[in-house]
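Listed below, chain by chain, are the residues.
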Amino acid sequence: MSQNMLWTLKQLHLAMEQYGKIHMRRADLTTTQAAVLHDLLAYRERENYGVDLHTRLGISKSCVSCALKALKQKGYLCLKENPTDDRKKRIILTPKAYDAEQELRAGMAAQQALMCRHIPRQRQESLARDLQQMLRNLQTEMEREAKL
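Because the structure is predicted, anything quoted here is derived from the model rather than measured. (Residues numbered from 1 in each chain as written. Predicted model: local features only at pLDDT ≥ 70, side-chain atom pairs only at ≥ 80, totals over all residues. Heavy atoms only, no water.)

Participant: So what exactly am I meant to see when it comes to the nonpolar core here?
Facilitator: Across soluble globular proteins, nonpolar side chains show a tendency to be buried alongside one another. Grouped together as the largest cluster of nonpolar side chains are 20 residues, with contacts concentrated most on L29, L37, L40 and L68. Elements with a contribution of two residues or more to this core: α2 (31-42), α4 (61-73), β2 (85-93) and α5 (95-115). For this core, the element with the highest residue contribution is α2, accounting for five residues. Leaving out residues up to four positions away in the same chain, L68 has contacts with V36, L40, G50, L53, L77 and I91. (Core = buried A, V, L, I, M, F, W, Y, C linked by side-chain atoms within 4.5 Å. Buried < 20%, exposed > 50% of the residue type's maximum accessible area, 1.4 Å probe, protein only. Helix = DSSP H or I, 4+ residues; strand = E, 2+ residues; numbered from the N terminus. Contact = heavy atoms within 4.5 Å.)

Participant: Explain the packing of aromatic side chains to me, please; I cannot follow it from the model alone.
Facilitator: Within a pair of aromatic rings, the relevant descriptors are the distance that separates the centres and the angle that separates the planes. Inspection of every chain in the model, using the stated rule, returns zero aromatic pairs. The ring of Y43 is capped by R56, whose NZ or CZ atom sits 4.0 Å from the centre of that ring. One Lys or Arg, K96, reaches over the ring of Y76 and ends 4.7 Å from the middle of that ring. (Phe/Tyr/Trp six-rings, centres within 6.5 Å; stacked < 30°, edge-to-face > 60°. Lys NZ or Arg CZ within 6 Å of the ring centre and 35° of its normal.)

Participant: Would you mind going over a nonpolar patch on the surface with me for this structure?
Facilitator: Taken together, the side chains of M5, L6, L9, L12, M16, M115, L127, L131 and M134 make up a nonpolar region of the molecular surface, amounting to roughly 720 Å² of accessible area. When residues of the nonpolar patch are traced back to their parent elements, those giving at least two are α1 (2-24) and α6 (121-147). In terms of residue count, the dominant contributor to the nonpolar patch is α1 (five residues). For M115, the position within the fold is in helix α5. (Patch = residues over 30% accessible without salt bridge, like charges linked within 9 Å, V, L, I, M, F, W, Y side chains within 5 Å. Areas by Shrake-Rupley, 256 points an atom, 1.4 Å probe, with all protein chains shown as cover. Salt bridge = Lys/Arg side-chain N within 4 Å of Asp/Glu carboxyl O.)

Quick look at the structure:
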């Protein structure tokens, strides 16, 4: 059962990536760039740095760096020097990023609606809780192993 579930989750992840690529093409964003931009918009009230994205999204520091560079070139953000640490640059969203927010949310909502079609609301809510628990389980174990 668990091998089948893991394989299904992997296939789901790949299918979501492909679907996302098709829909993000219109906005000239990769799925990673869209994920980074979405996260920055979600945490707009905080001061954000690349390491924050690495931690929250679970993507490599080099992927974060590439996504930030591309988003900067496309006009979605700018980077501001940190006076206390030359290596850290604060991420500042531009008006273009805020303009893209509705399109990002609509695209994600459409994808979720498509994926959850024919699944009753109560089971969707239960599935969301279970997936969050799976993620917490893995994160806790990775943190534990990193300390060893």
